[in-house]
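Chains, contacts and geometry: an overview
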Amino acid sequence: MAVLLSAAISVGPLAFTPLAAVGTQLKVEELSLSTHEGDPGTSVSVTGTGFEACGRATLTFDGQHATPATVNVPQISGTIVVPQDATAGPDHTIEAACDPDVDSGNAYHAEAPFTVTSGGGTTPAETRTLTLDPDHGPVGTRIDVQGKGFTQCSAQSVDLYVVGGTTIKSEIAVADNGDFSYTEVVPSEAIPNTYTFQAACTGEPDIYADADLVVESPANPVLTLDPARGAKNATVQADGTGFSCPDVDFQWDGGEPPFAAAPAADSDTFTAEITVPADAQPGAHTVRAVCTAYPEQYAEAPFTVTDEGGTETGGTETGGTDTGGTETGGTETGGTGTGGTDNTSAVAWVVGPASLGGALILAIAAAVYFGRLHRGPRWVRGHVRATLRPATATADLTEQSPSGEPPTRTIRLDPHADPGSSTIDEVDR
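Residues numbered from 1 in each chain as written. Predicted model: local features only at pLDDT ≥ 70, side-chain atom pairs only at ≥ 80, totals over all residues. Heavy atoms only, no water.

Turning next to the sheet that holds strand β24 (residues 260-263). Within the open sheet, the five strands sit side by side as β21-β27-β26-β23-β24. Their pairing is mixed. On the outer flanks of this sheet lie β21 (229-230) and β24, each paired with one strand and no other. Judged from the four bridges that link them, strand β23 (residues 247-252) and β24 form a sheet pairing that is antiparallel. Within β24, the residue paired with aspartate 247 across the bridge is proline 263. (Pairing = 2+ DSSP bridges. Helix = DSSP H or I, 4+ residues; strand = E, 2+ residues; numbered from the N terminus.)

Attention now moves to the packing of aromatic side chains. Going through the model one piece at a time under the given rule, you end up with eight aromatic pairs. With a centroid separation of 5.2 Å and 65° between ring planes, the pair formed by phenylalanine 243 and phenylalanine 270 is classed as edge-to-face. Placement of phenylalanine 243 in the loop between β22 (235-241) and β23 and of phenylalanine 270 in strand β25 (residues 269-275) is noted, with a sequence separation of 27 residues between them. The exposure class assigned to phenylalanine 243 is buried, which follows from its relative accessible area of 0%. On the basis of relative accessibility, which here comes to 4%, the residue phenylalanine 270 falls in the buried class. With centroids separated by 5.9 Å and ring planes inclined at 90°, the aromatic side chains of tryptophan 252 and phenylalanine 259 adopt a geometry described as edge-to-face. Here tryptophan 252 falls in the buried class, since its relative accessible area comes to 16%. Through pairs of rings, three or more aromatic residues link up here, namely Phe243, Phe250, Trp252, Phe259, Phe270 and Phe303. Against the face of tyrosine 298 rests arginine 288, its NZ or CZ located 4.1 Å from the ring centre. (Phe/Tyr/Trp six-rings, centres within 6.5 Å; stacked < 30°, edge-to-face > 60°. Buried < 20%, exposed > 50% of the residue type's maximum accessible area, 1.4 Å probe, protein only. Lys NZ or Arg CZ within 6 Å of the ring centre and 35° of its normal.)

Okay, the pairing of strand β6 (residues 43-49) next. Strand residues, when the strand is regular, have side chains that alternate between the two faces of the sheet. Going residue by residue along β6, you find Val44, Val46 and Gly48 tucked away on one face and Ser43, Ser45, Thr47 and Thr49 left uncovered on the opposite face. Where strand β4 (residues 30-33) and β6 come together, four bridges link them in antiparallel fashion. Bridge pairing in β6 places leucine 33 opposite valine 46. Direction of pairing for β6 relative to strand β9 (residues 75-81): antiparallel, over a ladder of seven bridges. Looking at β9, one finds that glycine 48 is bridged to isoleucine 76.

Okay, the state of the cysteines next. Covalent bonding between the sulfur atoms of two cysteines defines a disulfide. In the structure shown here, the tally under the stated rule is two disulfides. Residue pairing for cysteine 54: its cysteine sulfur links by disulfide to cysteine 98, the two sulfurs lying 1.8 Å apart. Between cysteine 54 and cysteine 98 the sulfur-sulfur dihedral comes to about -95°; the bridge is accordingly left-handed. Here the residue cysteine 54 occupies a position in the loop between β6 and β7 (57-61), and cysteine 98 occupies one in strand β10 (residues 89-98), the gap between them amounting to 44 residues. (Disulfide = S-S within 2.5 Å.)

Okay, structure coming up:
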């Protein structure tokens, strides 16, 4: 038969003794509070005595916001925080309860009243917040996570995770004032989307705050070099944009270690002076600017190393200068038949490319074909002119004529492949 005992109020303002049912009996347990009133966010120390059998104890506020308590039979102790959503007034209860005893089935229980105040010169506790700075960015962006108002976390730590995703970091320490901080980097596998970060008290997932992060499409880093060519040890200005990182390394032909470094400003840009490596070989090379912390972000630009003096021959042509048909000699033996060879063909027959020498020989043969008397070398030098042209083209050979009269004959020569060296031997008829 159940025995009903009257309730008793203990001496002192902070202790209250309620009734609790234990199995088929009622037991009186004592619960003391460090304060019986306070604003939302107030931490209340709780001490209970008379808990003769207790494996695990829990503290609650109005039956919610469960917080583990420390058990040291016959006492329990712990701290509970007045919820931020608690309404002002006296109709609130802080409760301590043990799990039922396995052998006896007794469940030790005690509770005490609490009044939620407002104003009265007391500053309300800060509402729980979670902020991300920045709250958007591409892969590799460094995110500063800041939490405030987590004084209710009995474990004094929070777990940070992506809602519907994986845990980012467990048991981040919470300071006595309820603040915490953490730095996260957007991972390379993150696709552009909106993600919700949530920080919750360790073991108390109903005490949390969240914030959104927008992962943007990756930036397109760009690197420019001025000048884009020069000798070894030359100073070059490097300008970069789209680098979402604090520092940038410069690599020569993608090799390690870096040969220069520069900080990137908040606007993801940088301007730096770099020096061409002293051992760089003449020719085409590649300069790579890569984020020091996030090597997946980089840009490249070409650079040409010139010779030791850095002098370039450029694209200048030596051009179509006419040598004027200068001859090297051409002395004849007088037509005795013992040696009528003319040595002037080595230079004077060059028309356009050197291959026209053979074409001019054909021109002389054509003159003979058309019934003209055999012309000696002197006549040729006096009546045939060869012009050197800067590009492959045709050439006109015109027989000299008296002033004011038309030429007696014009022979058109077309260039062909060089047939090799040719000579003409004059034979008397």
